[in-house]
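Residues per chain, in single letters:
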Amino acid sequence: MKFDIITIFPNIFDGFLTESLLARAQKLGIIKIGIHNLRKWTTDRHQKVDDKPFGGGVGMVMKVEPIFKAVRSLRPDKKTRVILFSPRGKKLDQKTAKRLSKYQQLILICGRYEGVDERVAEYIANEVISIGDYVLNGGEVATIVVIEAVSRMIPGFIAKQESALKFDHAQYTRPEIVEIKKGGKIKRLKVPAVLLSGDHAKIEKWRKKHGALT
Ligand code: 6GU
C-alpha cells in the first residue's frame, strides 16, 4: 500500500510516521508513505495555493489546479482511491478503514479548514472523509488518523493480526489488587474474579458483555 499525502505543511508528518509500528511497516515494505508539498505544483512566483471565494465571504479557498496537477502526477490508476479531508465528509469508522486497506494506493488531500474549491470533491476525489463532529485547522491530523487506522488492517502490519482489533473488551494485568489512597482511605482495586477463574466459557461471556468494537 502506498499512501501519498498532498499538503501545504509537509513537516507536520515527520515525527509521527517515523516512529513505532509505522516506521517498522515502512522498513518491511508493507507500506510506503510519500509526503508531497502542494506548492510544488504551482506555477506563479508566490506559489499561491488559495484565493478569495467567489460570492464573497471570509477566509481563503484552496485552488483546484495545483491539487489536480498533484494528483495526476502521482499516477492514480484503478487500484487508487483519492480522498479529500473535510469536516463535511463522511465520518470515518472501522468499516471504512478496512475497506480502504484493500486499495494499492491512497492519495490523501489535506484541505485547510476554510475550504477547498468544491470541484475537488466533485471531480478529483473519490470520497470525502471527516474524522468527527468538530472542526480542525486542516486535514493533516485526519490524514494521520486514516493512515494509522488503515495500516493496522493490512496483513503483516501487526505481528498477530488477531490483535488488530484488540481492546475490543476491558483488560487487566498484574497485580490482582492495587491499593490506592483516596480521601484519606485506602481503596483496594480488584480484578473481576471471573478473569481469574480459569473458566474459559465464562470469561468469553464476560468479555462479550464488556466489549466495545465489533
Ligand atoms: Cl477531515 N478536516 C477538518 N478541517 N476538520 C475536521 C475533519 C477534517 N474531520 C473532523 N474535523
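For every chain, the first residue of the written sequence is number 1, and numbering continues from 1 along that sequence. Under the rules for a predicted model, residues below a pLDDT of 70 receive no local features and side-chain atom pairs below 80 are neither given nor counted, while totals for whole chains, interfaces and linings still include all residues. Only heavy atoms go into the side-chain values, all of them from the structure, while hydrogens and water stay out.

**Q** Looking at this structure, I do not really get the site of the ligand. What am I missing?
**A** Note on definitions. A residue lies near a molecule or strand when any single heavy atom of the residue is within 4 Å of it. Close contacts around the ligand come from 13 residues, with Ser 86, Ile 131, Gly 132, Tyr 134 and Leu 136 the closest. Residue Ile 131 places a main-chain N or O atom 2.9 Å away from a nitrogen atom belonging to the ligand. Nitrogen and oxygen atoms within 3.5 Å of one another constitute a polar contact, given that in protein one can donate a hydrogen and the other can accept it, and given that sequence-neighbouring residues count only through two side-chain atoms. The backbone of Tyr 134 places a nitrogen or oxygen atom 2.5 Å from a nitrogen atom of the ligand. In isolation the ligand has 290 Å² of accessible area, and contact with the protein removes 99% of it. As defined here, a cavity is a set of points on a 1 Å grid over the protein atoms alone where a 1.4 Å probe fits but cannot get out. A pocket is an open set with protein on both sides within 12 Å along at least five of seven lines, and residues line them when an atom is within 4 Å of a point. A molecule is said to be in a cavity or pocket once over half of its atoms fall within 2 Å of that pocket's grid points. Structurally, the ligand is housed in the largest pocket. Secondary structure elements are defined from DSSP: runs of H or I of at least 4 residues count as helices, runs of E of at least 2 residues count as strands, and each element is numbered from the N terminus. The set of elements that each furnish at least two residues to the shell around the ligand consists of strand E5 (80-91) and strand E7 (127-130). Calculation of accessible area relied on Shrake-Rupley with a 1.4 Å probe; when residues are assessed, cover is drawn exclusively from the protein chains displayed.

**Q** Teacher, can you tell me more about the side chain of Ser 130 here?
**A** Looking at the element boundaries, Ser 130 is found in strand E7. Exposure categories follow from relative accessible area, calculated using a 1.4 Å probe and restricted to protein chains: below 20% of the type maximum is buried, above 50% is exposed, and the middle band is partly exposed. Classification of Ser 130 by relative accessible area gives buried; the value is 4%. Only heavy atoms enter the contact rule, under which two residues are in contact if any of them lie within 4.5 Å. Non-local contacts of Ser 130, meaning those with residues more than four positions away in its chain, are made with Ser 86, Pro 87, Gly 89, Lys 90, Lys 91 and Leu 92.

**Q** For this particular structure, what's the right way to read the environment of Gly 184?
**A** In this structure, Gly 184 sits in the loop between strand E8 (177-182) and strand E9 (185-190). When the C-alpha atoms of Gly 184 and Lys 205 are compared, they prove to be 37 Å apart, with 21 residues separating the residues in sequence.

**Q** Help me understand the sheet that holds strand E1 (residues 2-7), please; the structure alone is not making it clear to me.
**A** Backbone-to-backbone hydrogen bonds pair the strands of a sheet. The strands run either parallel or antiparallel. Strand order in the open sheet formed by five strands is E2-E1-E6-E5-E7, and the pairing between neighbours is parallel. The two strands at the open ends of the sheet, each matched to only one other strand, are strand E2 (32-37) and E7. On average, each strand axis in the sheet is tilted by 30 degrees relative to the strand beside it, whichever way the strands run. Judged from the five bridges that link them, E5 and E7 form a sheet pairing that is parallel. Bridge pairing in E7 places Lys 90 opposite Ile 129. We treat two strands as partners when DSSP finds at least two bridges between them. Orientation is described by axes fitted as lines to C-alpha atoms, over the contacting stretch for helices, and by angles from 0 to 180 degrees between their N-to-C directions.

**Q** Explain the pattern of salt bridges to me, please; I cannot follow it from the model alone.
**A** Pairing between side chains of opposite charge can happen when their charged atoms approach one another. Definition used for salt bridges: Asp or Glu carboxyl oxygen within 4 Å of a side-chain nitrogen of Lys or Arg. Using the criterion set out here, one finds eight salt bridges in the structure. A salt bridge links Asp 133 to Lys 91; the shortest N-O distance between them is 2.9 Å. Taken together, the residues Asp 133 in the loop between E7 and helix H6 (140-151) and Lys 91 in strand E5 connect sequence positions 42 residues apart. Judged by its relative accessible area of 44%, Lys 91 is partly exposed. Salt-bridge contacts for Glu 179 lead to Arg 188; the nearest nitrogen and oxygen are separated by 3.1 Å. Members of the salt-bridge network, linked through shared partners, are Arg 81, Arg 99 and Glu 127.

**Q** Even after reading the chapter, I still don't get the packing of aromatic side chains, so can you show me in this structure?
**A** The description of two aromatic rings rests on the distance between their centres and on the angle between their planes. Side-chain rings of Phe, Tyr and Trp (the six-membered ring for Trp) are treated as a pair once their centres are within 6.5 Å; stacked means planes under 30 degrees apart, edge-to-face means over 60, and tilted covers the remaining angles. This structure, assessed with the given rule, holds one aromatic pair. Taking 6.4 Å as the distance between ring centres and 55 degrees as the angle between the ring planes, the aromatic pair formed by Tyr 172 and Trp 206 counts as tilted. Here Trp 206 lies in helix H7 (residues 200-209) and Tyr 172 lies in the loop between H6 and E8, a separation of 34 residues in the sequence. Take Tyr 172: its relative accessible area is 45%, and that puts it in the partly exposed class. A relative accessible area of 14% places Trp 206 in the buried class.

**Q** It is not clear to me how the layout of surface pockets should be interpreted in this structure. Could you clarify?
**A** Over the atoms a probe the size of a water molecule is rolled, and this reveals where empty space is left. The volume enclosed by the largest pocket comes to roughly 390 Å³. Taken together, 26 residues line the largest pocket, and the ones lying closest to its centre are Phe 85, Ser 86, Pro 87, Arg 88 and Tyr 113. Of all the secondary-structure elements, those providing two or more residues to the lining of the largest pocket are E5, helix H5 (118-124) and E7. The element contributing the most residues to the lining of the largest pocket is E5, with six residues. Gly falls in the polar group here, along with every residue not listed as nonpolar (Ala, Val, Leu, Ile, Met, Phe, Trp, Tyr, Cys, Pro) or charged (Asp, Glu, Lys, Arg). Considering only residue class, the lining of the largest pocket consists of 13 nonpolar, nine polar and four charged. Grid points are joined across faces, edges and corners, and a volume is the space filled by probe spheres set on the points.

**Q** What should I look at first to understand the domain arrangement of the protein in this one?
**A** When the parts of a complex come together, some accessible area is lost, and that lost area is often taken as the interface size. Segment limits for the domains were obtained from an automatic or database-derived domain assignment. Taken domain by domain, the protein consists of domain 1 (2-163) and domain 2 (167-214). Placing a centre on the C-alpha atoms of domain 1 and another on those of domain 2 gives a separation of 39 Å.

**Q** Mind showing me how you'd approach a nonpolar patch on the surface here?
**A** Patch membership needs two things, relative accessible area over 30% and no salt bridge, and members are linked within 9 Å if like-charged or within 5 Å if nonpolar (Val, Leu, Ile, Met, Phe, Trp, Tyr). Taken together, the side chains of Val 178, Ile 180 and Leu 189 make up a nonpolar region of the molecular surface, amounting to roughly 200 Å² of accessible area. Judged by relative accessible area, which is 32%, Ile 180 ranks as partly exposed.

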